[in-house]
Each structure stands twice: as C-alpha cells, then as structure tokens.
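The lines below spell out each chain.
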Amino acid sequence: MTDFDYDLFVIGGGSGGVRAARVAASEAGAKVGLAEEDRYGGTCVIRGCVPKKLMVFASEYAGMPDEAQAYGWDMQKGSFDWPGFKTKLNAELDRLEQVYRRLLSESGVKTFDARATVSGPHEVTLSDGQTKSAKHILVATGGHPVRPDMPNAHLGIVSDDIFHLETLPKSVLIVGGGYIACEFAGILNGLGVKVTQYYRGAQILRGFDDEARGLVAEQMRERGVDLKVGTNILEMAPAGEHDSMSEGGAMGGTAQDRAELAQMHSSAATKGPVWVKSTSGTEGVFDVVLFATGRDPNTKDMGLEALGVKLGRRGQIEVDAYSQTGVPSIYAIGDVTDRVNLTPVAIREGMAFVETVFKGNPTAVDHDLIPSAIFTQPEMGTVGLGEEAAREQEPVEIYCTSFRPMQTAFAGKPDRVLMKLIVSIKTRKVLGCHIVAPNAGEMIQLAGIAIKMGATKEDFDRTVAVHPTMSEEIVTMRSPMRTA
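Residues numbered from 1 in each chain as written. Predicted model: local features only at pLDDT ≥ 70, side-chain atom pairs only at ≥ 80, totals over all residues. Heavy atoms only, no water.

Trainee: What is the right way to look at a nonpolar patch on the surface in this model?
Mentor: There is a patch of nonpolar side chains on the surface, built from Tyr71, Trp73, Met75 and Phe410 and spanning about 480 Å² of accessible area. Note on placement: Phe410 falls in helix 12 (residues 406–410). For Phe410, a relative accessible area of 54% puts it in the exposed group. (Patch = residues over 30% accessible without salt bridge, like charges linked within 9 Å, V, L, I, M, F, W, Y side chains within 5 Å. Areas by Shrake-Rupley, 256 points an atom, 1.4 Å probe, with all protein chains shown as cover. Salt bridge = Lys/Arg side-chain N within 4 Å of Asp/Glu carboxyl O. Helix = DSSP H or I, 4+ residues; strand = E, 2+ residues; numbered from the N terminus. Buried < 20%, exposed > 50% of the residue type's maximum accessible area, 1.4 Å probe, protein only.)

Trainee: Before we go on, may I ask you to explain the pattern of salt bridges in this structure?
Mentor: A pair can form between side chains of opposite charge whenever their charged atoms are brought close. Here the structure, examined in full by the defined rule, presents 33 salt bridges. The partner of Glu27 in a salt bridge is Lys359, and the shortest N-O contact between them spans 2.6 Å. Linking Glu27 in the loop between helix 1 (15–26) and strand 2 (32–35) with Lys359 in the loop between helix 10 (343–358) and strand 18 (372–374), this pair joins segments that are 332 residues apart in sequence. The exposed category is assigned to Glu27, whose relative accessible area is 51%. On the basis of relative accessibility, which here comes to 35%, the residue Lys359 falls in the partly exposed class. We note a salt bridge from Glu387 to Lys420, for which the minimum N-O separation is 2.7 Å. Within this pair, whereas Glu387 is found in helix 11 (residues 387–393), its partner Lys420 is found in strand 21 (residues 417–424), the two being separated by 33 residues in sequence. Within this structure, Asp209, Glu211, Glu387, Arg391, Lys420 and Arg482 form a network of salt bridges that share partners.

Trainee: Is there a simple way to explain the side chain of Thr408 in this structure?
Mentor: Inspection of the secondary structure puts Thr408 in helix 12. When its relative accessible area of 10% is taken as the criterion, Thr408 is described as buried. Among residues more than four places away in sequence, those in contact with Thr408 are Glu67, Lys413 and Asp415. (Contact = heavy atoms within 4.5 Å.)

Trainee: Got a minute to help me understand helix 10 in this structure?
Mentor: Every α-helix carries 3.6 residues per turn, so stepping three or four residues along brings you back to the same face. End to end, helix 10 covers 22 Å across 16 residues, agreeing with the expected 22 Å (1.5 Å per residue, within 8%). Every buried residue of helix 10 is accounted for by Val345, Ala346, Ile347, Glu349, Gly350, Ala352, Phe353, Val354, Thr356, Val357 and Phe358. At its buried positions, helix 10 is contacted by strand 1 (6–11), helix 1, strand 6 (131–139) and strand 17 (330–332). A positive phi of about 65° marks Gly360, the residue just after helix 10. (Expected span 1.5 Å × (residues − 1).)

Trainee: Could you clarify how one ought to interpret the confidence of the model for the protein in this entry?
Mentor: Looking at the protein, the pLDDT average stands at 94 and 94% of residues meet or exceed 70. Long-range and interchain partners of residues 244–268, a stretch whose pLDDT sits below 50, account for 49 contacts in this model, where long-range means more than four residues apart. (pLDDT = per-residue confidence, 0-100.)

Trainee: Honestly, the side chain of Lys52 in this entry has me stumped. Any pointers?
Mentor: Position of Lys52 relative to the elements: it lies in helix 3 (residues 49–60). With relative accessibility at 11%, the residue Lys52 sits in the buried group. If sequence neighbours within four positions are ignored, Lys52 has contacts with Phe163, Glu183, Phe184, Ile187 and Phe375.

Trainee: I keep staring at the nonpolar core and nothing clicks. Help me out?
Mentor: Side chains that are nonpolar tend, in soluble globular proteins, to be buried together. Among the nonpolar cores identified, the biggest contains 48 residues, and Met55, Ile162, Ile174, Phe184 and Ile204 are the most heavily contacted of them. When residues in this core are grouped by element, the largest group, seven residues, is from helix 7 (residues 179–190). Residues in contact with Ile204, not counting those within four places in the same chain, are Gly177, Cys182, Gln197, Tyr199, Arg213, Val216, Ala217, Met220 and Leu227. Grouped together as the second largest cluster of nonpolar side chains are 26 residues, Val23, Leu104, Phe353 and Val354 included. (Core = buried A, V, L, I, M, F, W, Y, C linked by side-chain atoms within 4.5 Å.)

Trainee: Looking at this structure, I do not really get helix 13 (residues 440–452). What am I missing?
Mentor: The terminal C-alpha atoms of helix 13 lie 18 Å apart, and with 13 residues this matches the ideal 18 Å at 1.5 Å per residue to within 8%. Residues of helix 13 that are buried include every one of Ala440, Gly441, Met443, Ile444, Ala447, Gly448 and Ile451, and no others. Where the residues of helix 13 are buried, they touch strand 18, strand 19 (380–384), strand 21, strand 22 (430–436) and helix 14 (457–462). Phi for Gly454, located one or two positions after helix 13, is positive at around 90°.

Trainee: Help me understand the environment of Lys132, please; the structure alone is not making it clear to me.
Mentor: Tracing the sequence through the fold places Lys132 in strand 6. A relative accessible area of 17% means that Lys132 is categorised as buried. The spacing of Lys132 and Leu173 is 41 residues in sequence and 46 Å in space, taken between C-alpha atoms. A polar contact is formed between the side chain of Lys132 and the side chain of Gln130, at a distance of 3.2 Å. (Polar contact = N/O pair within 3.5 Å; in protein donor to acceptor, adjacent residues only side chain to side chain.)

Trainee: Please explain the packing of helix 1 against helix 5 (residues 82–106) as it appears in this structure.
Mentor: Axis angle and axis distance: for two packed helices, these are the angle between their axes and the distance between the axes, and together they describe the pair. At a minimum axis distance of 9 Å, the contact between helix 1 and helix 5 shows a crossing angle of 20°. Taken as axis vectors, helix 1 and helix 5 run roughly parallel relative to one another. As for how helix 1 packs across helix 5, the hand of that crossing is left-handed. For the pair helix 1 and helix 5, contact is made by Ser15, Val18, Ala21 and Arg22 and by Tyr100, Leu103 and Leu104, respectively. (Axes fitted to C-alpha atoms, helices over the stretch in contact; angles between N-to-C directions. Parallel < 35°, antiparallel > 145°, perpendicular 65-115°, else oblique. Left-handed = near helix turned anticlockwise from the far one by under 90°.)

Trainee: What exactly am I supposed to notice about the sheet that holds strand 18 here?
Mentor: Two strands in a sheet stick together by hydrogen bonds in their backbones, pointing the same way (parallel) or opposite ways (antiparallel). Taken together, the six strands give an open sheet; going across it, the order is 18-19-22-21-20-23, and neighbouring strands pair in antiparallel fashion. Each edge of the open sheet carries a strand with a single partner, namely strand 18 and strand 23 (482–483). Where strand 18 and strand 19 come together, three bridges link them in antiparallel fashion. Looking at strand 19, one finds that Ala373 is bridged to Gly381. Sitting on the sheet, helix 8 (residues 210–222) is in contact with strand 19, strand 20 (396–403), strand 21, strand 22 and strand 23, with an inclination near 170° to strand 21. (Pairing = 2+ DSSP bridges.)

Below, the structure written as structure tokens:
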C-alpha cells in the first residue's frame, strides 16, 4: 500500500489507541503497528475506571446489613478482606488486559511491548532499539497523576498507587477536591478507613453545578468523611520526626500509638505514616497521604516539540477538530490532548480519526453535551450546563427537587437525592440535567439522549412517569423553583 513499514503506527495501548488501531486494521485494511510500554488497556482498564468502580461496589456493601435489618433480614456485619478482594481484582485486570491483546492480534495489529518516541514525521523509535516508519502516527499515550510541587511530596501516594496497597490504612488524608479525590474518599470511607479530605477551594467538584456538588459534600460528611474546604497542606514530613498527633486523622497520642503507626512501613506503596500541618494550623499524623491534585499528559521526552508538534502549558498536544497536529502526519487523541478526558471520548476520537484518515470521511468529534458520572457516594450524573454557566449564557428557569428516597427513608437513613433541570426560557430546551442519587450514572445516560436530541421541558412533561422511582421526578417537576 505504501513504502512505509506501516500505514499507521499507534503509540499507546489504552482504550482510544487500541480502538483506532483495531478499526484501521480490520475495517480499512491498513497495516498497523502499536507500541505500549506498560499494560494494555491503559489508565481506564488498569488503574482507573474499571478497578475504581469495582472498589466502589465493594465499599457500598458496608451499609447493607443495617439497611437489610430495617427490612426484616437478620444480617450481621462482617469484616472486609482487602487481600482477598485485591487478588480477585488483579485477576480481573489481567483477564481484561489479555482481552485487549487478543483483540489487537485478531485484528491483525502488530504489537510491541516497548516505549516509543517520535523520531521523525514518519518515524518512531522503540526502546529496544528498533526504528519503524509509518505514513501516519497516532499518539494516544494518555496522562498520569501528579504530585504538588512542595517539600516531601514524595511521602504521599497518587491514585495509581491505591490499587497496590498491601494493607488498607487505618487513616488517610486525601488532598484535592476533584472527582478522583471525592470518589476515593467515598471508597475508602466505605471500606472502613478513617478519611480526612483537604481541598483548598470553597467547595469540592469545581466546575459542576453548585447545588449538586453542595449536596454531594453534605452527604459525604453525613457518611463520615471529614471534609475540610479552604484547607491545604502547609508542611509534611515522616511521622517519626514529629510528636504531634491529629485530632481527626490519627490513631491516638500515646507512644504505643506511634509505634503501631511506624510498623505500617512494611508496604512500599504506603510510604509509612506522615505528619501533616495544614494551612488552618492543625497538625496530624496519617497512615497514608493521597494526592489527587491533577493529571498531566504523557508527552515528556517523546521528541514531539523537536518536530514542530505544539504542546500546551501542561504538555498537552494541540490538535485541530480532526485530531491532527501541526505536523500533518502526526495525530493525537484522548487524554494526551486534554480536551475532554473521558474514556468514551477517547474511543470516539479514535473512531473519528480512522473515518477521517483511512475512510475518506472527514469526521470531527462533537464534544458538546457529553453525559458523565462521578462515582462519589452519593453518585452524581450530569449532562449539559450547570445553573451558574447557563445563566451567564441566557435567561433560564430552574426546576429542582431534593428529597429522601423511599428505600433508605424506610430504613431511617438521612440520605437525600437531587433532580435538577436547567431550561432555556427562550427555546424551552433543557440545557442541563443534574442528578445526585444512587445509580445517577445509569439515569444520566438516558437523560443525555433526550437532551442531545434537543428535548424541551414540555417534552419531558409529556413523558409519563415510572412509579414509584426516584427518576420519575425528572418528568413531574411542573413549576420552576426560580428564574435566573
């Protein structure tokens, strides 16, 4: 087909890169090579969405015995077997990685277990010394969690490390207020870890609807997370260098307590207990400090800038609507471009790349109105504009209800849920939908279809409710709470 070794060479074996490679080979007949330096499946499958969601499932069983007893079941609480769970989790990740490898092989993609860098507009160099030429190069290397730039930050762990803990800590300080920080706060709290969370901003989940994130924060505290906003780490050091113990994040103030903490040094992932001083002046010792303070694209030392590929401030690859860089033969998709960092988006971008480059059908990915879920406890599902962003754009009506759902109310729990619609006064279109409730991700997927199609509030009103459900409130809110 060409004088190159490959028609396409993909750097990165995550969801986006694998999908692009498979489709280019199996549907477009391209000769494709792919290099992955770590594990196939990428962040989502190996150290992100999949293991995290399985941990969410595990953590939610903690409250079931109490709820079951309220419904007449004689069910007693047990203890959580972290080593047993982790063994099964690792086996599942191994299985999924083999699925990815098999799919590539069956599609005719040649794989290389090596790091690849870009050494020319049509050339990649592998860490084993091989050089391969390709008509097109697709960079799909994803991103990685970063630690803050502060002394002793190496004493903390990042989200990738959570899955490798040999034992669950008794206490953890989570630093950050984004979805990763909040999800792990809920997970670890549910697994019995004493969780403290610092966030330097005024409210967690910045960028999401204020009312929805406010309810998430309130319910997190109700469930036992010691969430402190307007707070950050001022200093940190190995616990052995300090005698101070935390009010909320320590095991106690005695010498015996400190000795027990010191024994936890056995796990390489936990790094040992850490003394922390906060910006509010409190001091404490935590078995683990988890930094969930952001992610950067994986572009370091890849040779891109030397070829004229433009990188943004955080290292993200700058691309056009068709995922093409300033070097015509080089494209990039997924988190490495820092557009919308979601696995389904990376897959869509990979498919659009193949349509554009190999099928002669220029296709730009629509990044508007993408539904997403935050697997906090309670869960949040969202699509479209939040109230604050919407009212900056045009006059809107706000339809919102918050209530105690039947299942947990019967069990005497204080849990609350929220259903919210943002409606354009001029067009009557629903501009945004926000749900805080169990299984909110499942609900928002379906709401996202209607909103993507341009449904109006009256379309929602004409839909008959499914009763009794939480989600029926989405179609039964008749009067706006307010206009903005």
